[in-house]
Amino acid sequence: MSFWTLVYRSLLFYRRTHFAVALGVAAATAVLTGALVVGSSVRGSLRALTLERLGRIDEVVVTDRFFRAQLANELAQTQAFTANYSAIAPVILFPSVTIGQAEGPDRRHVGNVLAIGCDASFWELGAPSAGNDVRPEVLPGKDEIVLNAPLAEALGVAVGDKVTLRLPAANEVPADSPLGRKSERVASAPNLTVTAIIPAQGLGQFALRPNQTAPRNCYVATETLQRVLKEEGQVNALLIAGKSVSVPPGKEASAALAAALAPTLADFGVRIERITRTFKPQNDNAEQDAEQVAPRTIYDYYHITTNRMIFSPAAARAIREGAGELPLQPVLTYLANTIALAEPPGDGQSGVPYSTITAVDSLPRIGPLLDKQGQPIALAVDEISLNSWTADSLGAKLGDVLRVDYFAPETTHGAAVQTSATFKLAAILPLTEPVSGYSRRGPPEYDQPPTLLNDPDLTPVVQGITDQDSINDWDPPFPFDQSRIRPEDDTYWQNHRTTPKAFISLAAGEKLWGSRFGDVTSFRIPADSVPDLNKLREQILHALQAHQEELGFRFLPVKRQGLEASSGATPFDVLFLFLSFFIIAAALMLVSVLFKLGVDQRLRELGTLLALGWERRRAGWALLSEGVLVSVVGSLLGIVIGVGYAWLMITGLKTWWVGAITTPFLSLHVTWPSLAIGFFSGALVSMLTIAWSLRQLRGVATRQLLGGRVGVEAVAGRRSWLVIALALALFVTALALALLATTLGGEAQAGAFVGGGAAVLTGILLVVWNALRAPRETSVASAARLDLNRLAWGTAQRNPARSTLTIGLMAAATFLIVSMSAFRLDPTLSGA
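Each chain has its residues counted from 1, following the order in which its sequence is written. Local features in this predicted model are restricted to residues whose pLDDT is 70 or higher, and side-chain atom pairs enter the listing and the counts only when it is 80 or higher, whereas totals over whole chains, interfaces and linings include all residues. For side-chain calculations, the full set of non-hydrogen atoms in the structure is used, while hydrogens and water are omitted.

(A) Structural detail: the overall build of the chain. If you tally the helices and strands in the chain, you get 25 helices and 18 strands. Counting across all 832 residues of the chain, residues that qualify as buried make up 49%. Sequence-distant contacts in the chain: of pairs separated by 6 or more residues, those separated by 24 or more amount to 79%. Accessibility throughout is a Shrake-Rupley quantity obtained with a 1.4 Å probe, and a residue counts as covered only by protein chains that appear here. With an accessible surface of roughly 40100 Å², the chain has 58% of that area assigned to carbon and sulfur atoms. Here a helix means four or more residues in a row that DSSP labels H or I, a strand means two or more in a row labelled E, and each is numbered from the N terminus. Note on classification: 1.4 Å probe, protein chains only; a residue is buried when its accessible area is under 20% of the maximum for its type, exposed when over 50%, partly exposed between these limits. Two residues qualify as a contact provided that any one of their heavy atoms is within 4.5 Å of a heavy atom in the partner residue.

(B) Just helix H17 (residues 603–611), in detail. Buried residues of H17: Leu-603, Leu-606, Gly-607, Leu-609 and Leu-610, and no others. Taken end-on, H17 shows its buried residues confined to a sector of 160°, consistent with a single buried face. The outward face of H17, more than 90 degrees from its buried face, is lined by the exposed residues Arg-604 and Ala-611. The positive-phi residue at the C-terminal boundary of H17 is Gly-613, with phi of around 110°. Taken from the helix axis, the directions to the C-beta atoms give the arc we talk about.

(C) Representation of the pairing of strand S8 (residues 234–242) within the structure. Burial analysis of S8 places nine of its nine residues in the buried class, the great majority of the element. Note: strand S1 (residues 57–68) against S8, seven bridges, orientation antiparallel. If you follow Ile-57 over to S8, its bridge partner there is Ala-241. Pairs of strands are assigned from DSSP output, requiring at least two bridges between the strands. In the sheet, strand S2 (residues 85–101) pairs with S8 via six bridges, with the strands oriented antiparallel. When the sheet's bridge partners are listed, Pro-90 is paired in S8 with Leu-238.

(D) Spatial organisation of the pattern of salt bridges. Salt bridge, as used here, is a side-chain nitrogen of Lys or Arg placed within 4 Å of a carboxyl oxygen of Asp or Glu. Tallied over the full model, the rule gives 16 salt bridges. Notably, a salt bridge pairs Arg-497 with Asp-469, separated by 3.2 Å at the nearest N-O pair. A residue pair is termed long-range when its members are at least 10 positions apart, and Arg-497 in the loop between helix H11 (487–496) and strand S16 (502–504) and Asp-469 in the loop between strand S15 (418–429) and H11 qualify at 28 residues. Residues joined by salt bridges that share partners form a network here, namely Arg-68, Glu-74 and Asp-267.

(E) Structural view of the environment of Ile-650. Within the secondary structure layout, Ile-650 lies in helix H18 (residues 616–654). Sequence-wise, Ile-650 and Leu-668 are 18 residues apart; in three dimensions their C-alpha atoms are separated by 6.8 Å.

(F) Quick look at unusual backbone geometry. Along the chain, Gly-367 connects to Pro-368 via a cis peptide bond; the corresponding omega equals 5°. Along the chain, Pro-368 falls in the loop between strand S12 (352–360) and strand S13 (383–387). With a phi angle near 55°, Asn-191 is a residue other than glycine that sits in the positive phi range.

(G) Representation of the pairing of S1 within the structure. Counted residue by residue, S1 has 10 buried out of 12 residues, so it is predominantly covered. Examined bridge by bridge, S1 and strand S18 (residues 555–556) share two bridges and lie antiparallel to one another. Bridge pairing links Val-60 to Leu-556 in S18.

(H) Up close: the packing of aromatic side chains. Whether two aromatic rings pair depends on their centres lying within 6.5 Å, for rings of Phe, Tyr and Trp, where Trp uses its six-membered ring; planes under 30 degrees apart make the pair stacked, over 60 edge-to-face, and the rest tilted. Scanning the entire structure with this criterion turns up 18 aromatic pairs. Between Phe-67 and Phe-553, the aromatic rings sit 5.4 Å apart at their centres with planes inclined by 55°, giving tilted as the arrangement. Placement of the pair is Phe-67 in strand S1 and Phe-553 in the loop between helix H13 (533–546) and S18, with a sequence separation of 486 residues. Ring plane angle 40° and centroid distance 6.1 Å describe the contact between Phe-122 and Tyr-219, whose orientation is recorded as tilted. Residue Phe-122 is found in helix H5 (residues 120–123), and its partner Tyr-219 is found in strand S7 (residues 217–221); the two are separated by 97 residues along the sequence. One exposure class covers both Phe-122 and Tyr-219, and it is buried. Through successive ring pairs, a cluster of aromatic residues spans Phe-122, Trp-123, Phe-206 and Tyr-219.

Here you go:
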């Protein structure tokens, strides 16, 4: 009889035993395959969710400033765009707005709503080929709005109802700055008519961040939001679509697209203008020389300002780089609540109130602090210079110590906190008074030449202050005591507006008023130092574009990041494998025991083969070959059962244990790699288990095999105190984890719970196994007196490994059921 004939006939003859072994292999393979399929299902579901919520959108530019919508068309004309991308939509995005019912006695309000100001170009970014082309039949027009189903349900509104949309008002000055507004930062779009409610599918669940929870979105016409925000023709985001729905452009394409984006100075909120003041004396004598009445230039410079009042550190750095070797003068102007003499100490209300102070290091020609010889006056860090009006108002003289009260530039939540600094008066410089102040006809008129100090442009524009005709009309964002305003203070405003009343060094200003928002309010360059204004603009623009990512123009590859995230930093398959570890171990132990039982039935057959001259190795290979074939068949059956097991797990996570995943977004995704890995892993582990079982027959004599006994007495041994100590250590660990779990939450609590349960289960099994290992001597006379319980214990003691396996299998199943129940009852334990 040939080798394979023997193997084939043995498989048929012992088919019942092999069928039981195959079922054990199928159980282990099913758990392995099921865990892998569950992991691939989680990844596949997250991938599908990413593709659905983004449609064709691959790249997003979202800034904290508004820029020209025309920038989208300019980008679409570039080679980098046409090579890898197909469409672009300029939109307005506000990720967290509030919307409420406009009518009714009990008006509902919903927060954390994504507001999208868009037109038809946005809806063209859907993915009709993937079945995600969700769009309203009629796009929203003026004073109209479209809601997605989750938002409409939360609001309790239907088509035709009216809602009010509240969103952040455009305010370029940071709210945490004392000059940033803390109130009136909400713009309202009232009485918007709901024209459609779309399902939360496709762009109906558009979101920039991956989230299993269906987002609450509202869609408004771009023009409506631009009108409410007073940002006509402006947007704050670009949505860019690639040429494939499921395969986003690579990193090289993203880098090329970012390099092709070319914002203008206006998009960066930067303005360069020429500031010139001239003086033309009155010609009272007709015979006077014409040269004596020619206009006289007081100052002439290029002024670089930002619509954010203060340059961010990145923007200031870019301006300096762009200016190159040109004489660039940084300026920092701040508002002082009070300028007063330090001695004698006042009540905090005396002195000159609400004055602008400029921190600047003077340059030739533009000053602003020049001596009689036209040389810059250098101030020390503790020195201050006043204009003549302020010095006269205070009665100050050179050498006096002045106290400057001001609001700290950076505080918690922008709270106004007043602080003070003292300076020594180092210079008093003349300020020319006009014959008539500011009026609707224009700037003030002078009969005497103004000085370099007559420059209101040293102060940046602050809405509610610099745009008012009188101090009494101020609407400042900081605490303002109007009763402190004296008639002469309002007269100064009428004549000089925001002209600074005092000057300190730039180093002192940066120390007192610099913050994370920046330390420069403007830059000045002498006009005669700039031969070509266009070249200057180009240099500044190129420098800003080199830092455009820091300035907010950053491309986010949202689809590529979403797909990478869907593959997951969390190995879901490994997580489920750990949860199923005891079942897998029990199944493998079952395979070992069942195969060994089958071998025990064939001991005489094995002994006969050896007696007939078969080599022990060849006989072993015959048994192992049977085990391999049984493992293959069992693994094939196991992957079928595993898919069903995964389906059951997915169904449970979508229904009974939905708290573990927040929302039922999962669906079954069966992949060939999961099935292949499950099959080969199950088969290989089962083969190794069978091979390990056969190793125990290596030292058995042929005489014992022919007798049908292997020597059960060799199985038992002594109790091990080391095992007892290990079991006690596991019990202590379980108790510590249980106590620790009471102070934790989420994933940490879940880990402590599972770890404690595993420690208890392992400890109990060690105790049972150790108790069964000790031999029991039973005489023939006493055997007749054995009751049923003692007989059962004795039988279990004959094979402690097999008995421990049975207990472990039941305990593992119980542990798994209790764990899943706990996950279902307490969603905080899910950790997902």
